[in-house]
2 protein chains.
Amino acid sequence: MANLRIPGPTPLPPQVLSSLSQQVISHRGKSYEKIHQEVVDNLQYFFQTKNPIYLLTASGTAGLETAVVNFFSPGDTVVFFTCGEFGNRWAEIGKRYDLNINQVKFPEGTAVKKEIVQQTLQKIKKLAAVFITHNETGTGVLNNLFEIAPIVKAHSSKPLLLVDSVSALGGVNLPMDDLKIDVLITASQKAWMSSPGISMIAVSEKAKERQKNSKIPKYYFDLSLYEKFSQKNQTPATPAVSVLFSLKTALEIMRKQGREKIFKKHLELRDYFRGQIKKIGLKLVVTDKEASPTVTSIWPPEGVDEASWRKLLREKYNLVIAGGMGDLKGKIVRVAHMGYVTKSDLNQVVDVFKKSLKEV
Amino acid sequence: MANLRIPGPTPLPPQVLSSLSQQVISHRGKSYEKIHQEVVDNLQYFFQTKNPIYLLTASGTAGLETAVVNFFSPGDTVVFFTCGEFGNRWAEIGKRYDLNINQVKFPEGTAVKKEIVQQTLQKIKKLAAVFITHNETGTGVLNNLFEIAPIVKAHSSKPLLLVDSVSALGGVNLPMDDLKIDVLITASQKAWMSSPGISMIAVSEKAKERQKNSKIPKYYFDLSLYEKFSQKNQTPATPAVSVLFSLKTALEIMRKQGREKIFKKHLELRDYFRGQIKKIGLKLVVTDKEASPTVTSIWPPEGVDEASWRKLLREKYNLVIAGGMGDLKGKIVRVAHMGYVTKSDLNQVVDVFKKSLKEV
């Protein structure tokens with residue numbers, strides 16, 4: 001069995017795997033509705049929100065696009081604070097829909113700085129929204145939304161705050177309602193220990209109000225349809241029923257553990273893994289203060305080609321890790337530790353790193 | 001075990017169910033690429049095409065939207081020939097993107113008439129495309145594309161021909177290349193005996209040319225990204241890996257049987273089932289000539305409320321069938337016979353119908 005340590009899809013626990021092989025059911029019947037309702041209820045607990053949560057049969061990227069197309073109109077002034085590939089991708093989506101984009105880029109491997117957020121927002125009078133990546137998967141940086149969200153919320157033009165937490169939510173504390181986040185997006189195959197194919201999106205009352213005036217065309221991503229069908233715990237189109245089975249089972253496991261314990265586990269694994277990586281003499285891309293609890297980026301030792309190294313890890317040691325993305329492509333490696341992961345999985349990574357680096 | 005006879009999700013064979021519970025894999029690795037390539041190859045055999053086929057992690061509706069947003073610009077004149085709910089939905093998507101829509105509606109329960117197609121197209125000088133539903137799931141009508149496609153293709157302005165075969169392809173003969181269909185869409189949970197979550201879209205060279213000039217904004221549905229990633233048998237965003245496992249396994253089973261045998265089986269089951277339904281004195285919605293090989297619509301006997309009847313079927317007899325949609329909502333019932341289905345499944349439907357109708 002491979003040690004799958006890429007930042008999604010992440011390994012599924014045995015119970016989740018088994019649940020996938022249940023016979024499919026009608027998505028217009030009571031059995032489906034019960035599962036849908038239970039999934040949404042458990043998600044609300046982890047999102048820490050009373051807002052509705054919509055289940056889209058699609059990848060996380062589709063969730064990001066859904067956030068762009070539902071609440072704005074062409075020409076609306078928005079700010080994207082980005083620090084890596086997934087932030088760039090979200091800003092690109094915004095551009096394609098003719099939003100008036102201000103993208104403030106932070107160097108890859110570092111977090112968004114609150115002072116810059118403050119300064120940037122001060123300069124814009126009429127601001128429709130701020131978009132920010134909670135956990136930049138491409139670099140392994142966690143942005144501190146406890147600091148940033150209040151700055152956004154203090155802006156006089158009451159911008160929406162949209163947060164991509166695709167690769168952190170479920171594993172990292174992010175209280176949606178307390179932080180007054182308006183739109184929060186994640187995806188099933190990350191910290192949720194589920195099969196890929198469902199993106200989950202929570203929407204505040206304030207965002208729902210804005211939705212009514214949006215002039216961007218859409219259909220499959222039209223959240224007003226999802227809202228209508230969510231009244232009966234259904235989705236507008238056929239949902240990925242088997243993937244939902246996996247999400248149901250994973251959430252039951254997670255709910256039993258409780259969110260505090262899960263959030264703590266992710267922080268501890270991060271700190272433990274970073275400690276071990278330093279011990280074997282490798283350098284980390286991100287500082288301790290800004291490091292993600294779900295994915296760690298590492299510089300290969302000088303002279304080691306990351307692609308050859310990853311190939312060796314995969315072929316000889318059955319360890320699957322990720323390379324860099326965007327500007328960091330070919331330069332770093334990334335190890336995920338979210339969802340179904342233990343200290344021993346990470347010890348194996350460290351052991352294999354030690355061995356393999358003598359061979360590469 | 002329920003006899004699930006709705007037009008998708010359809011029941012999965014045991015091997016397909018088992019394949020769903022394999023541990024997930026990296027969507028950027030060789031194992032994934034091999035599966036992706038095999039799936040596309042087998043799909044090309046059933047689509048009867050040399051065109052590329054893109055795998056979208058999304059419902060069939062998203063596939064229909066993808067067909068709308070990739071090849072046109074606002075104001076383009078197009079015709080939708082529709083005869084039910086799914087045709088209406090596709091036309092609605094076209095409207096939302098500001099295409100210059102001509103929707104020619106045929107009464108629900110009847111097929112698109114070639115004479116009307118001919119007359120309609122004659123009146124339009126500059127025609128960008130014709131959209132047609134191959135198999136109208138909402139009524140159980142099969143449109144004869146062997147008659148209609150050549151009429152569309154004979155039009156002087158060389159319109160694209162876009163076909164929704166979500167609920168027929170794989171079970172019904174539709175040779176994409178012979179009929180010069182430009183865009184052909186289906187979805188995993190129908191005749192493909194797979195779990196829901198993947199929509200499959202084949203695109204002709206001619207359509208790919210038009211794609212370059214499209215001015216409709218999109219990202220997740222942007223087929224140029226899918227084309228780029230398909231070069232290495234990958235998808236732009238994270239695919240529904242487990243659903244792809246199911247599709248791989250189902251296609252292996254189907255390929256072994258061969259398309260001719262599968263197409264013949266669907267026609268035979270249709271004819272057999274319609275014969276049995278007539279024998280027990282129930283009336284069919286669609287004529288023999290226009291009847292779908294994958295789903296049959298039936299009028300409940302006079303005085304029988306379809307919802308109460310379906311409830312009885314479900315709760316007492318564990319038989320799950322569908323109701324009507326759109327104008328036929330509350331008026332008809334629908335029984336699917338596509339993919340993993342045998343004569344004995346349909347005999348059970350007939351038996352249960354007989355028994356239950358004495359009780360309702």
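Since the model is a prediction, treat every value here as computed from it, not as a measurement.

**What about the overall build of chain A?**
Link 1 in the chain: Along the backbone of chain A there are 12 helices and 15 strands.
Link 2 in the chain: Each of the three principal axes of chain A carries a C-alpha extent, and together these read 60 × 55 × 35 Å.
Link 3 in the chain: For chain A, with 360 residues in total, the buried portion stands at 66%.
Link 4 in the chain: Surface accessibility of chain A: about 13,400 Å² in total, with carbon and sulfur atoms responsible for 50%.

**Some details on the UniProt feature "domain: Aminotransferase class V" (unreviewed entry) in chain A**
Link 1 in the chain: As annotated by UniProt and renumbered to match this structure, "domain: Aminotransferase class V" (unreviewed entry) occupies residues 7-324 of chain A.
Link 2 in the chain: Along residues 7-324 of chain A, the helical share is 41% and the strand share 17%, with 11 Å between the first and last C-alpha atoms.

**As for the sheet that holds strand β2 (residues 53-57) of chain B**
Two modes of strand pairing occur in sheets, parallel and antiparallel, and in both the strands are linked by backbone hydrogen bonds.
All names here are of chain B.
Link 1 in the chain: In spatial order, the strands read β2-β10-β9-β8-β5-β3-β4; together these seven strands make up an open sheet with mixed pairing. Across the chains shown, the open sheet's two edge strands, defined by having one partner strand only, are β2 and β4 (100-105). Adjacent strand axes in the sheet meet at a mean angle of 20°, parallel and antiparallel pairs treated alike.
Link 2 in the chain: Inspection of the sheet shows strand β9 (residues 183-187) paired to strand β10 (residues 198-203) by five bridges, in the antiparallel sense. By the bridge assignment, Ala187 is partnered in β10 with Ser199.
Link 3 in the chain: Sitting on the sheet, helix α2 (residues 30-47) is in contact with β2, β9 and β10, with an inclination near 115° to β2.
Link 4 in the chain: Sheet contacts for helix α3 (residues 60-69): β2, β5 (129-133), β8 (160-164), β9 and β10; angle to β9, the most-contacted strand, approximately 165°.

**Things to note about the pairing of strand β8 (residues 160-164) of chain A**
Residues and elements named next belong to chain A.
Link 1 in the chain: A large share of β8 lies buried, amounting to five of its five residues.
Link 2 in the chain: Along β8, one buried face is formed by Leu160, Leu162 and Asp164 and the opposite face, lined by Leu161 and Val163, is buried too.
Link 3 in the chain: Here five bridges tie strand β5 (residues 129-133) to β8, and the two strands are oriented parallel to one another. Bridge pairing links Ala129 to Leu160 in β8.
Link 4 in the chain: Inspection of the sheet shows β8 paired to strand β9 (residues 183-187) by three bridges, in the parallel sense. Bridging across to β9, Val163 finds its partner in Leu184.

Criteria and cut-off values
Residues numbered from 1 in each chain as written. Chains lettered and ligands numbered in written order. Predicted model: local features only at pLDDT ≥ 70, side-chain atom pairs only at ≥ 80, totals over all residues. Heavy atoms only, no water. Helix = DSSP H or I, 4+ residues; strand = E, 2+ residues; numbered from the N terminus. Buried < 20%, exposed > 50% of the residue type's maximum accessible area, 1.4 Å probe, protein only. Areas by Shrake-Rupley, 256 points an atom, 1.4 Å probe, with all protein chains shown as cover. UniProt positions renumbered as here; feature names shortened; annotations may be inferred. Pairing = 2+ DSSP bridges. Axes fitted to C-alpha atoms, helices over the stretch in contact; angles between N-to-C directions. Contact = heavy atoms within 4.5 Å.

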